[in-house]
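The primary structure of each chain is shown beneath.
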Amino acid sequence: MSEKKPNVWEGFKAFLTRGNVVDLAVAVVIGAAFTNIVTAVVKGLINPLVGAIGTKNLDTYSSCLSDKCTGDEGIQLLWGSVLGATLSFVITAAVVYFLMVLPMSKYLARAEARRKAKEGTHEVIELTELEVLKEIRDALVAQRGSGHSER
């Protein structure tokens, strides 16, 4: 009547190593934890480097599509803002990849290699035992066959 309860720790471990949880964690990290760091890197390092060529604020880079762009008049393409957002995304993605995704992938690959190695060892042992049993069978058949021919 006593059924074995599932191990809570094993279930939790399986939950954490499932791909969806890792993807969710990566999305949360990209969306929240590294926002301030990336903003600081872009404003503190990237913008001054760009500022060596022009202005320190990427948001000021734009192009005008109409004849005159003053104030709210005209059509402006704010490509500096797009460049800044793109740099923020690339930096965030690199940090997440190198600090979370890559180590997790290596861990899962090692775990899979260990599992395959255990299965491979088990199969070799089974094959070896099977071969030994076949040899014993063949020896018994040969012995029985030679015993019948002498009678």
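In what follows, the structure referred to is the one given above.
Below is a short write-up of the structure. Remember, it's a predicted structure, so these values are computed and weren't measured experimentally. (Residues numbered from 1 in each chain as written. Predicted model: local features only at pLDDT ≥ 70, side-chain atom pairs only at ≥ 80, totals over all residues. Heavy atoms only, no water.)

On to the overall build of the protein chain. In terms of helices and strands, the protein chain carries 4 helices and 2 strands. In the protein chain, the order of α-helices and β-strands from amino to carboxyl end is α-α-α-β-β-α. Out of the 151 residues belonging to the protein chain, those deemed buried represent 10%. Carbon and sulfur atoms make up 64% of the accessible area of the protein chain, which amounts to about 12,300 Å² in all. (Helix = DSSP H or I, 4+ residues; strand = E, 2+ residues; numbered from the N terminus. Buried < 20%, exposed > 50% of the residue type's maximum accessible area, 1.4 Å probe, protein only. Areas by Shrake-Rupley, 256 points an atom, 1.4 Å probe, with all protein chains shown as cover.)

One pass over the structure, following the stated rule, counts 2 salt bridges. Between E112 and R115 there is a salt bridge whose closest N-O contact spans 2.3 Å. With E112 and R115 both in helix α4 (residues 79-150), this residue pair falls 3 residues apart, about one helical turn. D138 is the salt-bridge partner of R137, the closest N and O atoms lying 3.1 Å from each other. Residue R137 is classed as partly exposed on the basis of its relative accessible area, which comes to 47%. (Salt bridge = Lys/Arg side-chain N within 4 Å of Asp/Glu carboxyl O.)

To continue, consider the environment of I46. Residue placement: I46 occurs in helix α3 (residues 35-51). Taking C-alpha positions, I46 is 9.5 Å from N57, a pair spaced 11 residues apart along the chain. Not counting residues within four places of it along the chain, the set of residues in contact with I46 comprises V41, L87 and I91. (Contact = heavy atoms within 4.5 Å.)

All quantities given are derived from atomic positions and should not be read as evidence of function.
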